[in-house]
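Breakdown of the fold
Spelled out from the first residue to the last, the chains are:
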Amino acid sequence: MAERRLLVLFGSQTGTAQDTAERIGREAKRRHLRCRVEALDSCDVANLIHEPLVVFVCATTGQGDPPDNMKMFWRFLFRKNLPAGSLCQLDYAVLGLGDSSYPKFNFIAKKLHKRLLQLGGNPLIPVALGDDQHDLGPDAVVDPWLMALWDKILALYPLPPGLEIISPDVRLPPKYTLHYLPEDSPHPDSDLLQLAAPQAAPCELHPFAARVVSNQRVTAQSHFQDVRLIEFDIAGSGITFSAGDVVMIQPQNCPEDVQQFCQLLGLEPHRRFVLEPTEPGTPLPPLLPQPCTIQYLVTHYLDISCVPRRSFFELLAYFSTNELEREKLQEFSSAQGQEELYSYCNRPRRTTLEALWDFPHTTCTIPADYLLDLIPRIRPRAFSIASSMLAHPERMQILVAVVRYKTRLSKPRRGLCSTWLASLNPEQGDVRVPLWVKKGGMKFPADPATPVIMIGPGTGVAPFRAAIQERVALGRRGNCLFFGCRHKSKDFYCQTEWEELVTKGLLTLFTAFSRDQEEKVYVQHRIQENGRLVWELLSSGNAHVYLAG
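Residues numbered from 1 in each chain as written. Predicted model: local features only at pLDDT ≥ 70, side-chain atom pairs only at ≥ 80, totals over all residues. Heavy atoms only, no water.

Section: the pairing of strand β9 (residues 227-233)
When you tally the buried positions in β9, you get seven out of seven residues, the bulk of the element. Covered by surrounding structure in β9 are Val227, Leu229, Glu231 and Asp233 together with Arg228, Ile230 and Phe232, the residues of both alternating faces. Where strand β8 (residues 208-217) and β9 come together, six bridges link them in antiparallel fashion. By the bridge assignment for β9, Ser214 is matched with Glu231. (Buried < 20%, exposed > 50% of the residue type's maximum accessible area, 1.4 Å probe, protein only. Helix = DSSP H or I, 4+ residues; strand = E, 2+ residues; numbered from the N terminus. Pairing = 2+ DSSP bridges.)

Pasting the structure below:
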């Protein structure tokens, strides 16, 4: 009898593909398959030739790009020297998650499917293309596709005699068990941010704890939006960056939310625990110290402010002893209940913490062991770097619009990362932010004679501030910036800096203040008015054009 084992590999940017991969892992366990679920870049690609059965779940990001956690896999898979039949023993299935409002809809899944075929792989079932634009979201495609996939897999790998599919009414064991340590056990200071080892460039698993030097509001107090110019000290970090690069920041939950969450679930914030995987061989979650406090877990790891997914309600239903609540939770986790779930969660942007408030009888029964199955980890946020190392050595600046908006819920919605960053006050001591740098998609011309036309309304101007600082430091002219905002007096970011450069002849600046006159004026109007100059730069100067929103 062939070994009944399945490998589920995901490429995920925002966590949806990972969530779906973990769902497939749970369904595999119900069918008694040995199953591993891993990010594509965490698995050793060379071992694919020994895998009998693999399901790939992958998202598409940007302009048809692979997610960050499958980039190395992608480069390897498209190497020219891979022999045509190298995956001839592989049975596989590809599930894509995309958004049909983008031109390269599910590009990565389609291309992956094609490449696996070229390498001799055997598709069990046609590629699935989940679509965010569908009324029921990607599940409209995923649900029926999975049913067909399990039929196919069980035909190849029948259940061993005497075993049945574990009923959906039965709760699966948690991924980890939480062992509380006795209150009086000695404890080292594990709650301190682990500083990146100085020899390695900081990365997601080893961020650099950068000190906040300044946090300055750059919009008028009377302006509706709070925008900050924040400066970090990166001396000794080994971080280098150039214009167009991106800084990744790992945010944390606010103390009030952490306190509320612990109260709701009856957790003691200062209790310390160690995690133990339920199945041997399951790696521990990176970024969590061992031992760890509940406070640290909830503050730095569990994303209690994200909008909960269908899988959250599905697991929650198992803990519910209250009939009314359980029925509602089961409805939210059923295929038929997806529209109802959308209007409860996604449309008003209800958070996980708020959803837990709505199911009080269930929430107080959640076993701590299941916290890591129930709530995803906090994802890092990306910001364009708004300064150049040539102008500000050992420093890095970002321009952050604090996210705050209203939905039908009484409490305004707040962006987790921007709200946290705005709250940091360097005058109150040593304030640190975990960060690392990623290469950006924008490359500025190497030829000093090539002019650059930059169109950056609002905080979209951030990467161009870095580019202009860099180009001015290198003595490059031909810098042309179109900037737009609402009011000259309220949200004209970096006004004095631009005006100084204009006076020195190092920058050509066009501004559009949309609300300062009767009729609205935007950057596109200014481009049109200066069409002759723009055309001259493009046709005879071979100018490069950059646009950021």
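Overview of the UniProt feature "domain: FAD-binding FR-type" (unreviewed entry) in the protein chain
Those places that UniProt annotates as "domain: FAD-binding FR-type" (unreviewed entry) correspond, in this numbering, to residues 205-445. The span residues 205-445 carries 29% helix and 21% strand; its end-to-end C-alpha distance comes to 32 Å. (UniProt positions renumbered as here; feature names shortened; annotations may be inferred.)

A word on the state of the cysteines
Overall, the coordinates contain zero disulfides when judged by the stated rule. Its sulfur unpaired, Cys203 is 18 Å from the next cysteine sulfur, which belongs to Cys417. No disulfide involves Cys292; its sulfur sits 11 Å from that of Cys262, the nearest cysteine. You can call Cys292 buried: its relative accessible area is 1%. (Disulfide = S-S within 2.5 Å.)

Regarding the sheet that holds strand β11 (residues 272-277)
Read across the sheet, three strands follow the order β7-β11-β12 without closing on themselves; strand pairing throughout is antiparallel. Sheet topology places β7 (176-180) and β12 (292-293) at the edges, where each strand pairs with a single neighbour. The pairing of β11 with β12 spans two bridges and is classified as antiparallel. Each bridged residue has a counterpart across the sheet, and for Arg272 the counterpart in β12 is Thr293.

Brief notes about a nonpolar patch on the surface
The grouping of Trp535, Leu538 and Val545 at the surface amounts to a nonpolar patch, some 310 Å² of accessible area in total. Mapped onto the elements of the fold, Trp535 is located in helix α17 (residues 531-539). A relative accessible area of 58% means that Trp535 is categorised as exposed. (Patch = residues over 30% accessible without salt bridge, like charges linked within 9 Å, V, L, I, M, F, W, Y side chains within 5 Å. Areas by Shrake-Rupley, 256 points an atom, 1.4 Å probe, with all protein chains shown as cover. Salt bridge = Lys/Arg side-chain N within 4 Å of Asp/Glu carboxyl O.)

Re the packing of aromatic side chains
One pass over the full model with this rule turns up 13 aromatic pairs. Seen from their ring centres, Phe313 and Tyr344 are 6.2 Å apart, and the 70° between their planes marks the pair as edge-to-face. Of this pair, Phe313 sits in helix α7 (residues 310-319) while Tyr344 is found in helix α9 (residues 338-346), placing the two residues 31 residues apart along the sequence. Of the two residues, Phe313 and Tyr344, both sit in the buried class. For the pair Phe332 and Tyr344, a centre-to-centre distance of 5.0 Å together with 20° between the ring planes defines the contact as stacked. (Phe/Tyr/Trp six-rings, centres within 6.5 Å; stacked < 30°, edge-to-face > 60°.)

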